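Here's the letter readout for the chains.
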Amino acid sequence: MSEKRALIRQQIRKARNSLSKFEQKIAAESLKVNFTQHLKQQKTIKNAHIGIYFSNDAELDTSLLIKDLWAKNHPLYLPVIHPFNGTTLYFQRYEENSPMRANRYGILEPKLNCSQICPLAELDYLLMPLVAFDDNGNRLGMGGGFYDKTLARYEKENWQKPQLIGLAHQCQHVPSLPVESWDVPLNYIITPQKIYHW
Ligand SMILES: Nc1nc2c(c(=O)[nH]1)N(C=O)[C@@H](CNc1ccc(C(=O)N[C@@H](CCC(=O)O)C(=O)O)cc1)CN2
Ligand SMILES: Nc1ncnc2c1ncn2[C@@H]1O[C@H](COP(=O)(O)OP(=O)(O)OP(=O)(O)O)[C@@H](O)[C@H]1O
């Protein structure tokens, strides 16, 4: 099972990395349009708290969407690998002038500032990176288990989960992923081409 997941990771990361800079740019524009449309269709939560990610490894580029959401005054939060347990994520406010540092994978994170952390239960939307997704809304990530371990806390504490939205290129779609007991299925996947809903 884990070998199968590792193989899918390797293949899809390769496909994603072969997208050109131009294709990435067009995809980032479409993501901005599609997510804006998606937000409009939700019962508007004014100034919704949105967890997003800082793109890495040819992931769907969130930089244009981030600028757009800042312009609309949505508070944004980036995942930070917990400095003590090293296995879960917390979400810290991300503003244009936030001091940043690279985590152990070289991905930029806001520098720890306790007053800027969003309690997990207060996130309204969580836009998640992923390597592959399937027809049932299952998500395969980079293999650290960071999102699954973080999402497990919602069940444990009986908190209401944010709307879980995976962001991906269309080439990251596979018909069916091998699923593990800890995998938390997504509510939506937004690609530059379409919006999937379960
Ligand atoms: N943009 C982004 N931010 C994110 C995630 C993500 O997937 N994307 N994460 C989602 O959980 C967390 C970081 N998880 C990651 C896990 C593995 C690798 C990675 O590059 N692994 C290398 C091996 C690196 C090593 O061990 O030194 C590899 O597989 O090539 C990157 C991020 C938190 N932030
Ligand atoms: N809820 C959980 N409780 C305990 N261990 C977990 C949990 N979720 C995941 N793990 C552990 O994390 C490891 C990686 O999980 P998995 O392969 O699903 O990560 P991923 O979804 O690809 O990564 P990520 O969420 O960081 O993008 C697994 O080997 C598993 O043991």
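The structure displayed is predicted, hence computed values, not measured ones.

Before going further, it helps to examine the site of ligand 2. The environment of ligand 2 is formed by 15 residues, the closest being Arg5, Arg139, Gly141, Phe146 and Trp182. Arg139 is positioned such that a nitrogen or oxygen atom in its side chain is 2.8 Å from an oxygen atom of ligand 2. One of the backbone nitrogen or oxygen atoms of Tyr147 is found 3.1 Å away from an oxygen atom of ligand 2. For ligand 2, whose accessible area on its own is 640 Å², the fraction buried by protein is 72%. One can see that ligand 2 is located within the largest pocket. For the shell around ligand 2, the elements supplying multiple residues, two or more each, are helix H1 (2–17) and helix H4 (146–157). When residues in the shell around ligand 2 are grouped by element, the largest group, five residues, is from H4. Residues of the shell around ligand 2, tallied by class, amount to five nonpolar, four polar and six charged.

On to the packing of helix H2 (residues 21–41) against helix H3 (residues 63–71). As a packed pair, H2 and H3 sit with axes 8 Å apart at the nearest point and diverge in direction by 40°. With respect to each other, H2 and H3 are oriented oblique. As H2 packs across H3, the resulting crossing turns out to be right-handed. Judged by residue contacts, Lys25, Ala28, Glu29, Leu31, Lys32, Phe35, Thr36 and Leu39 of H2 engage Leu64, Leu65, Asp68 and Leu69 from H3. For the contact of H2 with H3, the class distribution of residues is seven nonpolar, one polar and four charged.

A separate point is H2. The end-to-end C-alpha distance of H2 is 30 Å, a good match for the 30 Å that 21 residues give at a rise of 1.5 Å each. For H2, the set of buried residues is Gln24, Ala27, Ala28, Ser30, Leu31, Asn34, Phe35, Thr36, His38 and Leu39.

Now for the confidence of the model for the chain. Summarising the model, the chain shows a mean pLDDT of 97, and 99% of its residues fall at 70 or more. Reported for the predicted complex are a pTM of 0.97 and an ipTM of 0.96.

Here we take up the nonpolar core. In this structure, Phe35, Ile50 and Leu127 are the most contacted members of the largest nonpolar core, which totals 43 residues. When residues of this core are traced back to their parent elements, those giving at least two are H2, H3, strand S2 (76–81), strand S3 (89–93), strand S7 (125–128), H4, strand S10 (163–167) and strand S11 (188–190). Aside from chain neighbours lying at most four places away, what touches Phe35 is Ile50, Leu65, Leu69, Leu127, Ile165 and Ile190. With seven residues, the next largest nonpolar core counts Ile8, Ile12, Leu140 and Val174 among its residues.

For the rest of this paragraph, the subject is the site of ligand 1. Looking at ligand 1, the residues that line it are Arg13, Tyr53, Phe54, Asn56, Glu59, Leu89, Tyr105, Ile107, Pro129, Met142, Phe146 and Tyr147. Within the side chain of Glu59, an N or O atom sits 2.7 Å from a nitrogen atom of ligand 1. In the complex, the protein chains occlude 70% of the 690 Å² of accessible area that ligand 1 would expose alone. Using a 2 Å cut-off from the grid points, one finds that ligand 1 occupies the largest pocket.

Attention now moves to the pattern of salt bridges. Enumeration over the complete set of coordinates arrives at 10 salt bridges. Here Asp183 and Arg5 are joined by a salt bridge, their closest N and O atoms 3.1 Å apart. Taken together, the positions of Asp183 in the loop between S10 and S11 and Arg5 in helix H1 put the pair 178 residues apart, joining distant regions of the chain. The exposure class of Asp183 is buried, given its relative accessible area of 11%.

Reading the values: rules and limits
- Residues numbered from 1 in each chain as written.
- Chains lettered and ligands numbered in written order.
- Predicted model: local features only at pLDDT ≥ 70, side-chain atom pairs only at ≥ 80, totals over all residues.
- Heavy atoms only, no water.
- Near = heavy atom within 4 Å.
- Polar contact = N/O pair within 3.5 Å; in protein donor to acceptor, adjacent residues only side chain to side chain.
- Areas by Shrake-Rupley, 256 points an atom, 1.4 Å probe, with all protein chains shown as cover.
- 1 Å grid on protein atoms, 1.4 Å probe; cavity = no way out; pocket = protein on both sides within 12 Å on 5 of 7 lines; lining within 4 Å.
- Sits in = over half its atoms within 2 Å of the grid points.
- Helix = DSSP H or I, 4+ residues; strand = E, 2+ residues; numbered from the N terminus.
- Nonpolar A, V, L, I, M, F, W, Y, C, P; charged D, E, K, R; others polar.
- Axes fitted to C-alpha atoms, helices over the stretch in contact; angles between N-to-C directions.
- Parallel < 35°, antiparallel > 145°, perpendicular 65-115°, else oblique.
- Left-handed = near helix turned anticlockwise from the far one by under 90°.
- Contact = heavy atoms within 4.5 Å.
- Expected span 1.5 Å × (residues − 1).
- Buried < 20%, exposed > 50% of the residue type's maximum accessible area, 1.4 Å probe, protein only.
- pLDDT = per-residue confidence, 0-100.
- Core = buried A, V, L, I, M, F, W, Y, C linked by side-chain atoms within 4.5 Å.
- Salt bridge = Lys/Arg side-chain N within 4 Å of Asp/Glu carboxyl O.

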